[in-house]
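Topology and contacts: notes
Spelled out, the chains give:
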Amino acid sequence: MASLNVGNLGGYLREQRRHAQLSLRQLSEAAGVSNPYLSQIERGLRKPSADILQQLAKALRISAETLYVQAGMLDEREREELETRAVILADPSISERQKQVLLQIYESFRKENGLDVQSAASTENVSADEPPTAGGSAVEPPST
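What comes next is a walk through the structure. (Residues numbered from 1 in each chain as written. Predicted model: local features only at pLDDT ≥ 70, side-chain atom pairs only at ≥ 80, totals over all residues. Heavy atoms only, no water.)

**Observations regarding unusual backbone geometry**
The phi angle at Gln 21 is positive, at roughly 55°, despite the residue not being glycine. Examined against the element boundaries, Gln 21 turns out to sit in the loop between helix 1 (9-19) and helix 2 (24-31). (Helix = DSSP H or I, 4+ residues; strand = E, 2+ residues; numbered from the N terminus.)

This is the structure we're talking about:
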């Protein structure tokens, strides 16, 4: 059997379909997509919309974001963020309020880390003659 190229969406879909032990016809029925259209997607002749990818992901029981990445609609970082949010929202062991609080904390950490990356980049541009700020933290922007 020839090795599949999973670097493209069609090959990846074919691999996922086979892993799920579904025929092309079974997947097309489960996803509500025509059999010929699905075949064209797998062969790389068609690029499906986000809605079609979502239907296929649901039928394959995989994350739609993973298919979006394969299709070039989403980058890996965005996928990871969306999947993290989805896992939090799907957790039945915590209340809706707890989910919202957890998402707010998650977002604040992401913003903080994004600012840290920017601060580190701007700190590299400061001359070596300048002493570091007290405590080694550059929370306040340098005065002009």
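There is more to say, and it comes next.
**Some details on the nonpolar core**
The biggest cluster of nonpolar side chains holds 18 residues, and the ones touching the most others in it are Leu 9, Leu 13, Ile 41, Leu 53, Leu 56 and Leu 67. Contributions of two or more residues to this core are made by helix 1, helix 2, helix 3 (35-42), helix 4 (50-60) and helix 5 (64-70). Those residues in contact with Leu 13 that sit more than four places away from it in its chain are Ile 41, Glu 42, Leu 56, Leu 60 and Leu 67. (Core = buried A, V, L, I, M, F, W, Y, C linked by side-chain atoms within 4.5 Å. Buried < 20%, exposed > 50% of the residue type's maximum accessible area, 1.4 Å probe, protein only. Contact = heavy atoms within 4.5 Å.)

**Things to note about the pattern of salt bridges**
Scanning the model with the defined rule gives six salt bridges in all. Residue Glu 81 is joined to Arg 110 by a salt bridge in which the shortest nitrogen-to-oxygen separation is 2.9 Å. Taken as a pair, Glu 81 in helix 6 (residues 76-90) and Arg 110 in helix 7 (residues 96-124) lie far apart in primary sequence, 29 residues in all. The exposure class assigned to Glu 81 is buried, which follows from its relative accessible area of 19%. Overall, the relative accessible area of 36% leaves Arg 110 in the partly exposed class. The salt bridge partner of Arg 85 is Glu 107, with a shortest N-O separation of 2.3 Å. Taken together, the residues Arg 85 in helix 6 and Glu 107 in helix 7 connect sequence positions 22 residues apart. Owing to a relative accessible area of 21%, Arg 85 belongs among the partly exposed residues under this scheme. Take Glu 107: its relative accessible area is 25%, and that puts it in the partly exposed class. (Salt bridge = Lys/Arg side-chain N within 4 Å of Asp/Glu carboxyl O.)

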